[in-house]
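Architecture and fold: a report
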Amino acid sequence: MAARVGLTPERLTRAGAELADEVGFDRVTVSELARRFDVKVASLYSHVKNSHDLKTRIALLALEELADRAADALAGRAGKDALTALANVYRDYAREHPGRYAAAQFRLGPKEAAGSAGVRHAQMARALLRGYDLTEPDQTHAVRLLGSVFHGYVSLEMGGGFSHSAPDTQETWTRVLDALDALLRNWPTP
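Throughout what follows, the structure given in this document is the object of discussion. Remember, it's a predicted structure, so these values are computed and weren't measured experimentally.

In terms of regular secondary structure, the protein is built from 10 helices and 0 strands. Going from the N terminus to the C terminus, the protein shows its helices and strands as α-α-α-α-α-α-α-α-α-α. Each principal axis of the C-alpha distribution contributes one length, and for the protein these read about 60 × 40 × 30 Å. Burial status across the protein gives 42% buried among its 190 residues. Here the contacts in the protein between residues at least 6 apart in sequence split such that 70% fall between residues at least 24 apart. Surface exposure of the protein reaches about 10300 Å², of which carbon and sulfur atoms provide 53%. Of the side chains in the protein, 24 bear a positive and 24 a negative charge, and the two mean positions are spaced by 5 Å.

Our focus in this paragraph is the side chain of threonine 56. Among the structural elements, threonine 56 can be located in helix H4 (residues 51-74). Not counting the four nearest positions on each side in its chain, threonine 56 is found in contact with Phe106, Leu108 and Glu112.

Nonpolar side chains in soluble globular proteins tend to end up buried together. Counting 55 residues, the largest nonpolar core has Leu128, Phe150 and Leu184 as its most contacted members. Those elements that provide at least two residues to this core are helix H1 (9-23), helix H2 (30-37), H4, helix H5 (79-96), helix H6 (98-103), helix H8 (118-130), helix H9 (138-158) and helix H10 (169-185). By residue number, the principal contributor to this core is H4, which donates 11 residues.

Where H4 contacts H5, the axes come no closer than 9 Å and their chain directions differ by 145°. Crossing handedness for the pair H4 and H5: right-handed. Seen from H4, the contacting residues are Ala62, Glu65, Leu66, Arg69, Ala70, Ala73 and Leu74; seen from H5, they are Ala82, Ala85, Leu86, Val89, Tyr90, Tyr93 and Glu96.

The rules behind these values
- Residues numbered from 1 in each chain as written.
- Predicted model: local features only at pLDDT ≥ 70, side-chain atom pairs only at ≥ 80, totals over all residues.
- Heavy atoms only, no water.
- Helix = DSSP H or I, 4+ residues; strand = E, 2+ residues; numbered from the N terminus.
- Buried < 20%, exposed > 50% of the residue type's maximum accessible area, 1.4 Å probe, protein only.
- Contact = heavy atoms within 4.5 Å.
- Areas by Shrake-Rupley, 256 points an atom, 1.4 Å probe, with all protein chains shown as cover.
- Lys, Arg positive; Asp, Glu negative; His and termini not counted.
- Charge placed at Lys NZ, Arg CZ, Asp CG, Glu CD.
- Core = buried A, V, L, I, M, F, W, Y, C linked by side-chain atoms within 4.5 Å.
- Axes fitted to C-alpha atoms, helices over the stretch in contact; angles between N-to-C directions.
- Left-handed = near helix turned anticlockwise from the far one by under 90°.

Shown next as structure tokens:
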């Protein structure tokens, strides 16, 4: 039955990513995916090991998509322009693909993490920070700060945390990025 519908690990991963965007990453299972394809669950196990494997594959896909978008957005940019471009990639991706964005936060095993596009994300963040003249260990601290601010803001915004107050979230986002730029230009010394 699986061959009849042309199932492959790649097709299942993409369908799982679409399912995550529709129902939430936490609700993605092999059983739910089998229902989508109108096949028996057992027929999917020749393509994915289990729900954890499926989620890992979706996470890897999301990290790759995000890295590709970030690389395109960062090309030729530096300083605040690069900071804003990178931040907007994460925010826009989360809005367009909420389940995939959640998947990008999925905890990968060491082997999967080392071979994932997560490495590219860190490299791009470090490249961005070279424009702010940060050295180690401050560069690592700054990478963690950027990830925390981007993810924290996006998660709160998507969860409705800012929907009942003024000013507009775009205005706040712009001010947050201005503040990050100022902080990075004036990084405190210990």
